[in-house]
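Examining the three-dimensional arrangement
Here are the chains, one letter per residue:
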Amino acid sequence: MAFYTKICLAWLCLSIFIGCDQEQTSTKELSAYVPQDATWVLKVSNMEALQNETSNNKLLSAFEDASLYKILNKKGSLLSYLNLKNESVVSLTKRNDSIWDYTIATRQDSLVFVIDSVANKSVETLEYDGVVVQRITLDGVKGFTAIKDSVFIASTSQQQLQAILKGDSPASINFEKAFKVLKNNELTSIIPKPTFQFSKDEIHILADYSSLDVFLGPNGIRTSGVALAQDTLPKLLSVFKGQIAQQNDLEHMIPNSATKAISITLSDASLLIENLKKYRKDSISVSKLDLFGSASELGEIELPEGNAVVLKSIDSDLTNEALASSLTELEIYRDTPISKFDDGSIFKKMFRPFVQTDTVSLVFQLDNFFVFAENNSVAQTIISAVKNNTYLGKSTAFENAQTQISNASSFLSYGMNDGVGEVINNALKNEAINLIASKNLDDFSLALLQFRFDRDFAHIHFVCEETSGTKSTGVGVSEVFSKTLDNTIMGSPQFFSDHRSGTKNIVIQDITNTLHLLSNNGKTLWTKQLDGAIIGKINEVDLLRNGQKQIAFTTQNKFYVVDRNGKDVGAFPIKFKDKITQPLSVFDYDNNRKYRFIIVQGKEILMYDSKGKVVSGFTFKKTKNTITLPVEHIRIGNKDYIIVAEENGTLNILSRTGKSRISVNKTFNFSENPIEREGSSFVIITKENEKISIDTNGKVSTQKLEVTNNYHFTTSGSTKVTLDDNLLRIDGRLAELPLGIYTNPQVFVANRNVYIVISETQEKKVYLFRKNGTLMNGFPVFGSSGASISEAKNKILLTVIGQDNEVVLFQL
């Protein structure tokens, strides 16, 4: 709609000068000087202010190559010789498919049309019904002007001008209403017989006239106004007679990848269906009315994968009963049952033109929404978007735009991504006007066009604002891929660097002990059969110190090092007769990739180097009791400490060579919390919920914690994270989570930022927090395991298990 503004200025603001006021003697409205067959009428009150507002409007400039724009913006046109100060009315008429005429009417003053300085001009004076008409040629530009009742009129069509002077084209009552209904705005657009294009072959007249006030801002355009539907011939918006507009919630089902969507609301389904039948003049039999009896909203979503129809129910039990006979359950995707639906044409049959899809074959329920999808890809995309919070309603663009529209409507059109331009066109379209953007609209991720029917008119709102420079969607996270394996996954997925491409691959093991390496787009690069389940996590190493990474891990009887092609490296795997009882510990004391690998077998400790040889200089070979936690390396100051915890409570704090570095005379009832560093102390959380701090001199201090038995404590550098049931604290800042069962919080550093990730395993939600304790935009996302975070090419990546056999990769 804002295009009206740009178009006006393109014509009228090439040579604007300030003139002098002149007392007006005519009391006629300027609407009296509008041709009866005008296709588009623009009422402008302050051209100078309008020029300032439109000069840098990126959205308007995207339409500069549209046919109408080019006709009206032509340099050296008749309009460029006008100096408009007073309220003006610009009318467009279409002479034929290639020629447009325009007529301008404004209150006469002495400076409105001054051509004394034009050297190349020709003026011929005519008289028509007692009114002087000038046929002028200015620098080769031809036009016609006249003054009647102190109104200056200029037109590119002699026929149009003469009809206005003769009074052969009096304005209709409906046009007068449209012209007068909105007042005191700088720009008002009036369009006769506005249309909406639902598909290539479905273009419908919405009303007799639309009258819209256009507001221009630095980031885009919004309009508000009315559509008048008073003629006896049926108009589409009239089908909402008898309906009470309801709240639109379809945006909670629209994935960020969607291009278009339409939502209609209904308070009386049978009446709406009957009104649509009369409007279409068809005699279809109404079937499955009980399916729509509890519906308050019906929508259609267009995705790259296909389309979906969405029904919002005020009574899900009734809707389920109505659907029961048409359903056959096929599968469960991310805890959501998907069923076969055997009446795919019912929605288009009942609600055309608002619904164009007649091939839906699947159905699933998300809260009080019933989604009918054309195919499995559509179903999975919508389910994933809802589970991951990557839907339109969560975006900054929508949150900003919804403040400019009503919270309830009869008919709401959404344009996203490549569909923005279509909604913009529908906002100003009739049978003659069709504006297509000549530049990409990438900076405009959303356009909304809303109609709310009220008796014999409808309120209209339109908004399209730039999102460049802010968050394009506001979501902050998107799902890159979802990969389903043949078997259930064990453990959590982890990243493995690809030195050639600079990307991150994902490594995971399934219950058949098969190791899988997936590319960053979900392709299986290789699989490797292992002898057993991996104990603990997989470690990324660089044994050759050349940037070409490997992965190191243990099963119960083998120590593996595997390269990026899935091949064993050097002397690996190393086989063991006795079982390995703790996860592999990897030490890189000086960050020089001269690794030390720790194998624990009950009470025994073995240290290996990068060649798979036992490090003879490490003298600590065995404990008196079973080792109860993974062996750790902690550096405080310039000293290294190796931490070995025994089942009887003994704590060994050793040097690199295995000699005792700190003597601790007390024993502790170790919990599952690893021993952490906090400042210059070692911290133990006991099973009795005591926090034990040991300094580098062996001094022990005890603090009783008022926490539950579900308490977790972890540190990374200066970051301290605790979890007490659902109370997460990051450096003391509280983030209260919903009640649930959570994985231990993990701390990651990526792109020099600290992130804390935690998963709720019942509802299958993954939460990601910043160091300052704020939840990242777009979270929680769907996930059922501990997550892993990494960076690649300045992008933050997160991988997690979705369903039992599904790996999901997200990008922040």
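Use the structure listed above.
Residues numbered from 1 in each chain as written. Predicted model: local features only at pLDDT ≥ 70, side-chain atom pairs only at ≥ 80, totals over all residues. Heavy atoms only, no water.

1. Structural notes on helix H7 (residues 269-280)
Across its 12 residues, H7 extends 16 Å between first and last C-alpha, which sits within 8% of the 16 Å expected from 1.5 Å per residue. For H7, the full list of buried residues reads Ala269, Leu272, Ile273, Asn275, Leu276, Lys277, Tyr279 and Arg280. Contact partners of the buried residues in H7: strand S10 (202-205), strand S14 (260-265), helix H8 (289-292) and helix H10 (346-351). The first or second residue beyond H7 is Lys281, which carries a positive phi of 60°. (Helix = DSSP H or I, 4+ residues; strand = E, 2+ residues; numbered from the N terminus. Expected span 1.5 Å × (residues − 1). Buried < 20%, exposed > 50% of the residue type's maximum accessible area, 1.4 Å probe, protein only. Contact = heavy atoms within 4.5 Å.)

2. Thoughts on the environment of Cys464
Tracing the backbone shows Cys464 in strand S24 (residues 457-465). Taking relative accessible area as the criterion, Cys464 reaches 0% and is therefore assigned buried. For Cys464 and Asn219, which are 245 residues apart along the polypeptide, the C-alpha to C-alpha distance reads 8.5 Å. If sequence neighbours within four positions are ignored, Cys464 has contacts with Leu59, Asn219, Gly220, Ile221, Val420, Ile424, Phe444, Leu446 and Ala447.

3. As for the nonpolar core
Ranked by internal contacts, the top residues of the largest apolar core, which has 86 residues, are Phe113, Phe292, Phe347, Phe351, Phe372 and Phe411. Per-element tally for this core: the top contributor is H7, with five residues. (Core = buried A, V, L, I, M, F, W, Y, C linked by side-chain atoms within 4.5 Å.)

4. Points about the pairing of strand S42 (residues 681-685)
Looking along a regular strand, one sees side chains alternate from face to face of the sheet. Within S42, five of the five residues are buried, leaving the element largely enclosed by the surrounding structure. The two faces of S42 match: Ser681, Val683 and Ile685 on one face and Phe682 and Ile684 on the other face are all buried. What sits between the antiparallel neighbours strand S41 (residues 676-678) and S42 is a turn of two residues, in which Gly679 has the positive phi angle 65°. Sheet topology note: the S42/strand S43 (residues 690-695) ladder contains five bridges and is antiparallel. Across the sheet, the residue bridging to Ile684 is Ile692, located in S43. The antiparallel hairpin formed by S42 and S43 contains four residues in its connecting segment, where Asn689 sits at a positive phi of about 60°. (Pairing = 2+ DSSP bridges.)

5. Quick notes on the side chain of Asp510
With respect to the secondary-structure elements, Asp510 resides in strand S27 (residues 503-510). Within the buried set, Asp510 has no salt-bridge partner at all; the shortest N-O distance to an opposite charge, 11 Å, is to Lys483. At 2.5 Å, the side chain of Asp510 and the side chain of Thr512 are in polar contact. Beyond its immediate sequence surroundings of up to four residues, Asp510 is in contact with Asn487, Thr488, Ile489, Met490 and His516. (Lys, Arg positive; Asp, Glu negative; His and termini not counted. Salt bridge = Lys/Arg side-chain N within 4 Å of Asp/Glu carboxyl O. Polar contact = N/O pair within 3.5 Å; in protein donor to acceptor, adjacent residues only side chain to side chain.)

6. Considering the pairing of strand S22 (residues 411-416)
In terms of burial, S22 is largely enclosed, as six of its six residues are buried. The side-chain alternation of S22 yields two buried faces, one formed by Phe411, Ser413 and Gly415 and the other by Leu412, Tyr414 and Met416. Bridge count for S14 against S22 is five bridges, and the pairing is antiparallel. Across the sheet, Ala261 pairs through a bridge with Tyr414, a residue of S22. Sheet analysis places S22 next to strand S23 (residues 446-454), joined by six bridges and oriented antiparallel. Residue Phe411 lies in a different strand from S23, and its bridge partner there is Phe451.

7. Things to note about the sheet that holds strand S51 (residues 765-770)
Taken in spatial order, the four strands of this open sheet run S49-S50-S51-S52, and their pairing is antiparallel. Edge positions in the open sheet fall to strand S49 (746-750) and strand S52 (781-782), since each of these has one partner strand only. Note that strand S50 (residues 753-760) and S51 share six bridges and pair antiparallel. Bridging from a neighbouring strand, Ile756 pairs with Phe769 of S51.

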